[in-house]
Amino acid sequence: MAEPLGALTRTHTCGALRPEDVGADVVLLGWVHRVRDLGGLLFVDVRDRAGITQIVFDKDDEALMAKAKRLRSEYVVGVEGRVRRRSPDTVNPKLATGEVEVVVRRLTLLNEAKTPPFPVADETPVSEDVRLKYRYLDLRRPNLQANIGLRHRVTTVVRRFFDANGFWEIETPILTKSTPEGARDYLVPSRVHPGEFYALPQSPQLFKQILMIGGVDRYVQICRCFRDEDLRADRQPEFTQVDVEMSFARPDTVFGIIEPLMREVFGVVGREIAIPFPRLPYAEAIATYGSDKPDLRCGMPIQDLREVFRESGFRVFREIVAGGGTVRGFVVTNAGGYSRSEVDGMVDQAKQMGAAGLVWARRAADGTITSSIMKALGDEGVRQMLDAAGAGNGDLLLVAAGEPDPTSKLLGQLRLNLARQKGLLDANQYAFTWVVDFPLLEWDPTERRYVSMHHPFTSPSDEDLGRLEAEPGAVRAKAYDLVLNGSEVAGGSIRIHDAELQRRIFSLLNISPEEATLRFGFFLEALEYGTPPHGGIAIGLDRLCAILAGESSIREVIAFPKTANAVDLMSDAPSPVDSKQLRELHITIKK
């Protein structure tokens, strides 16, 4: 039976005691981590979020020993006792408190616990579904507690940094207007306005721009956002971003804030980050790495090899080049000694990714040349191809041909697969880059219209304004993404601050004037009251914390995440609601 806490007051956390505390009378409160019964002595590890302390029960106190023998894993206890030094042969160097222990004189059993469905005391692998169902137990495990503590320290640094740089933290509405453009909104029915709905914000985009119109000048918010997206492995229907907006900003203004912020954030885990970060135009990122989120840690840039094949004896590639296509490839260093079956495996990988085929050539360590197209190109032609790509002795060259972007994207996927296989993606290396000069619009063949590559409030490049209606697909945006190790950790843009230009963009997106007024009328009107040039960025806090913690999934740094199916297994949400609630909301469920 549980005993009351009463006047029992903690004097130290379970991670605080050190040799200098020897002889002190202390009170510890926490959970039973492990129990070791050695007959004459009973050792119990007591845990709280700060650490673990070993406590000792002596057989001479029979009543206390009898009570202690009831203890089981995850019981909640209060302990009063005296600190003593452990003998040299029993010191535990793995614990910060490992040089001392507490000899117990009084034990309060604050609560019992059922046997947990998985061990809390260690990191034994447990299925994610079980961990999420019993998240309150999972949260007690050391690794997850460390991740949640890291997230707290990161957000503390973020708030201090922005305050020191003149930003105001302002909350924007959670119940807002549905303005669908991109992911689906989560809708909230209004009881007092039958048939009408609020939407949960996909981001505070319009509100933070209105704050700039309102003269706030510099805004920041650590905010929750909601997107009803199709199921994806590492996305959450609700997520957290650090939302930033500045008046009178150019891209350099934003970079000048975010780069030193990143330096301070990575200081939380003791890592030094060199700034400024390199900048990579979107077109170059696609051509050179096959992705607008390039992982720069492994090198192996994709190279243009068209000139080798323009007059080549290899008819397939020659005709592709003549027809306006491309030939591209990348060098895998120290792979010239791969067996034929290993090389064939790479060709099979490429075919599984959609390639019609993959050409390879290599130089052995002694300079001997072999290639899958040796007969077509001849020894000299293969040598020219290897030389053009900069492949040395012991290197392997992989080559594909076709339309420029699909070819680079295919090679980019293959490049990353090989980098993982060869262990070239060092988890302790952080390679930042800004990807800039994105296209403003991209063609959606399904909807047969242009859609915004970022969002419809992104400003076109000043140099491309005259091409908006004539060549919309060629217009560049004042948009930028911050990419780290192949992940987009932040994205932003300079915004449109002119109402007429905003209407032109809506028109290009096939949003009629009537629809624009219906969906964005309040914002268009606000733009007409002296809007300053402004821009900003949103940092994905979940993704950034996952990288800092060395985790592959953002669920490992979120206290209460949902599954890939957008289900909360612990609270069993979403779930049906009472018919009375539906009637009050004027909603009928169709079977």
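Anyway, here's the lowdown on the structure attached to this text. (Residues numbered from 1 in each chain as written. Predicted model: local features only at pLDDT ≥ 70, side-chain atom pairs only at ≥ 80, totals over all residues. Heavy atoms only, no water.)

## Considering a negative patch on the surface
Stated precisely, the cut-off is as follows: Note on patches: the residues involved have over 30% relative accessible area and no salt bridge, like charges join within 9 Å, and the nonpolar side chains Val, Leu, Ile, Met, Phe, Trp and Tyr join within 5 Å. Computed by Shrake-Rupley with a 1.4 Å probe, the accessible areas treat only the displayed protein chains as cover when residues are assessed. Counted as salt bridges are all cases of a side-chain nitrogen of Lys or Arg within 4 Å of a carboxyl oxygen of Asp or Glu. Residues counted as positive are Lys and Arg, residues counted as negative are Asp and Glu, and His and the chain ends are not counted. Note that the charge is assigned to NZ on lysines, CZ on arginines, CG on aspartates and CD on glutamates. Helical segments are the DSSP runs of H or I of at least four residues, strand segments are the runs of E of at least two, and each set is numbered from the N terminus.
On the surface, a cluster of negative charge is made up of Asp58, Asp60, Asp61 and Glu62. Of note, Glu62 is situated in helix H1 (residues 62-68).

## A look at the side chain of Gln236
The condition that has to hold: Whether a residue is buried, partly exposed or exposed follows from its accessible area with a 1.4 Å probe, protein chains only, as a fraction of its type maximum: under 20%, in between, or over 50%, in that order. Between N or O atoms, a polar contact is any pair within 3.5 Å; within protein, one atom must be a potential hydrogen donor and the other a potential acceptor, and residues adjacent in sequence are included only when both atoms are from side chains. By the convention used here, residues are in contact when the closest approach between their heavy atoms is within 4.5 Å.
Residue position: Gln236 is located in the loop between strand S9 (218-226) and strand S10 (238-247). Classification of Gln236 as buried rests on a relative accessible area of 5%. Among the polar contacts listed, one links the side chain of Gln236 to the backbone oxygen of Lys562, at a separation of 2.7 Å. Non-local contacts of Gln236, meaning those with residues more than four positions away in its chain, are made with Ile554, Arg555, Ile558, Pro561, Lys562 and Thr563.

## Concerning the pairing of strand S19 (residues 449-452)
For clarity, the cut-off: Here the rule is simple: two strands pair whenever DSSP picks up at least two bridges between them.
Note that strand S18 (residues 441-444) and S19 share 4 bridges and pair antiparallel. In the strand pairing of S19, Trp443 is matched with Tyr450. Here S18 hands over to S19 after 4 residues, with Arg448 in that stretch at a positive phi of 55 degrees.

## Things to note about the packing of helix H10 (residues 340-352) against helix H12 (residues 404-421)
Counted only if it meets this: What counts as an axis is a line fitted to C-alpha atoms, over the stretch in contact for a helix, and the angles between N-to-C directions run from 0 to 180 degrees. For classification, angles of less than 35 degrees are called roughly parallel, those exceeding 145 degrees roughly antiparallel, those between 65 and 115 degrees roughly perpendicular, and all remaining angles oblique. Here a crossing is taken to be left-handed if its near helix is turned anticlockwise relative to the far helix by less than a right angle, and right-handed if that turn runs clockwise. Lys, Arg, Asp and Glu make up the charged group, whereas Ala, Val, Leu, Ile, Met, Phe, Trp, Tyr, Cys and Pro make up the nonpolar group; the residues left over, Gly among them, are polar.
Where H10 meets H12, the axes come as close as 10 Å, and the angle between the chain directions of the two elements is 135 degrees. Classified by the angle between their axes, H10 and H12 sit oblique to one another. When the axes of H10 and H12 are compared, the crossing they make is right-handed. For the pair formed by H10 and H12, the contact residues are Met346, Gln349 and Ala350 on the first element and Leu410, Leu414, Asn417, Leu418 and Gln421 on the second. The class makeup of the residues in the contact of H10 with H12 is 5 nonpolar, 3 polar and no charged.

## Concerning the sheet that holds strand S4 (residues 76-85)
The strands making up a sheet are joined through hydrogen bonds of the backbone, oriented either antiparallel or parallel. Strand order in this closed barrel of 5 strands is S1-S2-S3-S5-S4, and the pairing throughout is mixed. Between one strand axis and the next, the sheet turns through 55 degrees on average, direction left out of account. By the bridge criterion, 8 bridges tie strand S2 (residues 41-48) to strand S3 (residues 51-58) in an arrangement that is antiparallel. Counterpart to Phe43 in the pairing with S3 is Val56.

## Re the sheet that holds strand S20 (residues 479-484)
With respect to topology, 8 strands assemble into an open sheet ordered S6-S9-S10-S22-S21-S20-S17-S11, the strand pairing being mixed. One side of each edge strand has no neighbouring strand; the edge strands of this open sheet are strand S6 (168-169) and strand S11 (279-281). In terms of strand pairing, S10 meets strand S22 (residues 534-540) through 7 bridges, oriented antiparallel. Looking across to S22, one finds that Met246 is bridged to Gly535. Those strands touched by helix H5 (residues 205-213) are S9, S10 and S22, and its axis lies near 20 degrees from that of S10.

## Some thoughts on the nonpolar core
Nonpolar side chains in soluble globular proteins tend to be buried together. For clarity, the threshold we go by: We define a nonpolar core as any set of buried Ala, Val, Leu, Ile, Met, Phe, Trp, Tyr and Cys residues linked to one another through side-chain atoms lying within 4.5 Å.
Phe162, Ile258 and Phe266 are the most contacted members of the largest nonpolar core, which has 44 residues in total. Per-element tally for this core: the top contributor is helix H6 (residues 251-267), with 8 residues. Residue contacts for Ile258: discarding those within four places in its chain leaves Trp434, Leu482, Ile537 and Ile539. The next biggest cluster of nonpolar side chains, apart from the first, holds 28 residues, and it includes Val435, Ala479, Val483 and Leu527.

## Some points on helix H15 (residues 541-549)
Residue pairs three or four apart in sequence face the same way in an α-helix, which turns once every 3.6 residues. Most of H15 sits inside the fold, with 8 of its 9 residues counted as buried. All of the buried residues in H15 are Leu541, Asp542, Arg543, Leu544, Cys545, Ala546, Ile547 and Leu548. Residue Gly550 follows H15 closely and has a positive phi angle near 75 degrees.

## A look at the pairing of S10
Across the 10 residues that make up S10, a large majority, 9, are buried. Summarising the sheet, S9 and S10 pair through 9 bridges and their orientation is antiparallel. Looking at S10, one finds that Val220 is bridged to Val244.

## A closer look at unusual backbone geometry
Of note, the bond from Ile275 into Pro276 is cis; its omega dihedral lies within 30 degrees of zero at 5 degrees. Structurally, the position occupied by Pro276 is in the loop between H6 and S11. Cis geometry marks the peptide bond from Ala573 to Pro574, where omega comes out at 0 degrees. Mapped onto the elements of the fold, Pro574 is located in the loop between H15 and helix H16 (579-584).

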